[in-house]
Structure formats: C-alpha cells, structure tokens
Amino acid sequence: MTVSGEVADAAPPRRRRWRVWSAVAGVALLLVVTALVAFRAGGGGAPPDAAPSPSPTAKPPLTTAQVYTVLAPSVVSVRGSGNGTGVVANADGLVVTAFHVVDGAKTIEITFPDGTEVPATLAGSDRANDIALLLPQRAPTVIVPAVIGNAGRLAIGDDVVAIGNQLGLVHSTTAGVVSGLERVATGTDGTRLRGLIQFDAAVNPGSSGGPLVNTRGETVGIVVALLNPTPAGTFVGVGFAVPIGAALGGGADGTGPPGPMQ
C-alpha cells in the first residue's frame, strides 16, 4: 500500500506537466499555422524570392536553304560589258554590283527575280573597290531590298553563303566560311583592291556583284574577285568580297546609306 500511495501521489504532477507541454505545443502550432497563412496571403510575411527571369537566347543561325529563301527575292542578274549578279539595296530598286561587270557597257540591263527585264543607268561607281550602283529605269511592282549587315563583326571561320549567276547558272548558292580578312587582291583591270573579305564558298565568272551573306540572312559583302593561279580562271577555293559598308560608301562597318558614290 505504501508503494501504491507513492504512485498515486506522484501521478498528478506528471499530468500537470503534460498539460503544460500540451498548451505550449498548441500555442506553437497556432503560431506556425498563422505564419503560414500570413505568408501565403502576403500579409506580414516576407515576400518570396522573385523567380529568376529567363535569360535571352540568341536566335539560331539560318541554314543555307533558309539564307537562300531570304535573299533570293533580292538577287538580280546584270548584263553589261559582261554577265554578272547584283543585289537590291533599297526600296527604289537601287542595285549594287561589281564595276567590272558594267565597265564600258553601252547598255545595262537588269533582270529581277520575277523575270522583269529593265534597262538601267550607272548611278555611281567606285573603281577603287570595283563597285557600281545601278538605277533601273523602271522597277517591278514588288521590290525586296536585302537586309544590310555589319561586315566589321565578321571573324575568320564564320559561316557565309554566296548567291550568284556563276557560269550562267542563275541563283547558284554555295556555302563556306570566312577564310581571311583585310585581304588585298588584283581586280580584272589591274586595280589593287584592299580590305577584302576572303571566303571559300564557291564562286566563278558570273558571280561578280553577288551578295556574300551571313547566317542571319544579312548581306555583308559584294563578290568582286576570285584567285586565279591557273589559266583556267575557275574557282580554286579563294574568293574575295568588298565589305558591304565600303560598297555602299560608309566604311567597313556597314553604316553608310546606299546612295550614289562619286
């Protein structure tokens, strides 16, 4: 009985301590629930960290087929003292080509992509860069100027596409890379051409005046020459283009407006 009495006397304090701890736990739980509600409702709780905004991603480069689709409506055939290619530079139908294609020609004719054939006049020339600007006497209803790029951003190894009428094959499209910058070459009349883009996309007679295009579909150069170490005069892997800015009279960075050159 003594043991039973001791147990009976000890029991109430344990129950009291349980009640105390239960009350404390209940208050703590209430505080946690209140904090969670306030947090979710935005009332009094610290705001959640802002979700990181997605970083901008660069547009993927165009394929050669896509570059052709973009540029084909802007590439024309030019017939002057020889046969060549040109590219439409503005909404008036102004065409940029190689000067040696029209040098000394009594008449100049442009054939637009829709088949429209029109006579043209020499609006400007830059013999030092082998560049001519042609103004059609009348333009087709739909004119699609090429997008002008920045040749100053080119690096050796960059992918490029050349479009032209090489060997009389209209709109021939070839792909390669920039294989050199600031090159010097000799033009057909013996002029020393400087600051040229060297590339290895195949070009041949008839390609002169055609666009050299980057993988964003922007014209960055005008094809003017190819290296001819043999009498055959065919492509051996080295072509040259005038940076588009120099072709349009604004320097190599392409910032100049397409207007007549003196």
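Keep in mind that this is a model prediction, so the values were computed, not measured. (Residues numbered from 1 in each chain as written. Predicted model: local features only at pLDDT ≥ 70, side-chain atom pairs only at ≥ 80, totals over all residues. Heavy atoms only, no water.)

Some words on the overall build of the chain
A tally of regular secondary structure across the chain gives four helices and 12 strands. When each of the 262 residues of the chain is scored for burial, the buried share is 39%. Put simply, of all contacts in the chain between residues at least 6 apart along the chain, 56% involve residues at least 24 apart. (Helix = DSSP H or I, 4+ residues; strand = E, 2+ residues; numbered from the N terminus. Buried < 20%, exposed > 50% of the residue type's maximum accessible area, 1.4 Å probe, protein only. Contact = heavy atoms within 4.5 Å.)

Points about the side chain of S207
Its place among the elements puts S207 in the loop between β9 (192–199) and β10 (211–213). In this structure S207 touches T85, N165, Q166 and V223, once residues within four positions along its chain are discounted.

Observations concerning the sheet that holds β9
An order of β7-β8-β9-β12-β11-β10 is seen for the six strands of this closed barrel, with the pairing classed as antiparallel. Along the sheet, successive strands turn relative to each other by an average axial angle of 50 degrees, direction set aside. Pairing analysis gives five bridges linking strand β11 (residues 219–226) to strand β12 (residues 239–243), with the strands arranged antiparallel. Paired with A225 across the two strands is F240, which belongs to β12. Lying on the sheet, helix α2 (residues 64–71) is in contact with β7 (159–164), β8 (172–186), β10 and β11; it crosses β7 at an angle near 45 degrees. (Pairing = 2+ DSSP bridges. Axes fitted to C-alpha atoms, helices over the stretch in contact; angles between N-to-C directions.)

A short note on the sheet that holds strand β1 (residues 75–79)
With antiparallel pairing, six strands are arranged side by side around a closed barrel as β1-β2-β3-β6-β5-β4. When strand polarity is set aside, the average angle formed by the axes of neighbouring strands in this sheet is 40 degrees. As paired elements, β1 and strand β2 (residues 83–88) share five bridges and run antiparallel to each other. Looking across to β2, one finds that V76 is bridged to G86.

Considerations on the confidence of the model for the chain
Here the chain shows a mean pLDDT of 81. Residues at 70 or above account for 73%. Between residues 15–47, whose pLDDT stays under 50, and residues either more than four places distant or in other chains, the model counts four contacts. This stretch, residues 250–262, has a pLDDT under 50; its non-local contacts, to residues over four places away or in other chains, come to 39 contacts. (pLDDT = per-residue confidence, 0-100.)

Details of the environment of E218
By the element assignment, E218 lies in the loop between β10 and β11. Here E218 falls in the buried class, since its relative accessible area comes to 18%. Sequence-distant contacts of E218, defined by excluding residues within four places in its chain, comprise V147, I148, G149, L212 and V213. A distance of 2.9 Å separates polar atoms of two side chains, one belonging to E218 and the other to N214. (Polar contact = N/O pair within 3.5 Å; in protein donor to acceptor, adjacent residues only side chain to side chain.)

Quick notes on the pattern of salt bridges
This model, assessed by the stated rule, comprises three salt bridges. The closest approach of N and O atoms between D103 and R127, which form a salt bridge, is 3.8 Å. On the criterion of sequence distance, the pair formed by D103 in the loop between α3 (99–102) and β4 (108–111) and R127 in the loop between β5 (117–126) and β6 (131–136) is long-range, its members being 24 residues apart. A salt bridge links R216 to E218; the nearest nitrogen and oxygen atoms lie 3.3 Å apart. (Salt bridge = Lys/Arg side-chain N within 4 Å of Asp/Glu carboxyl O.)

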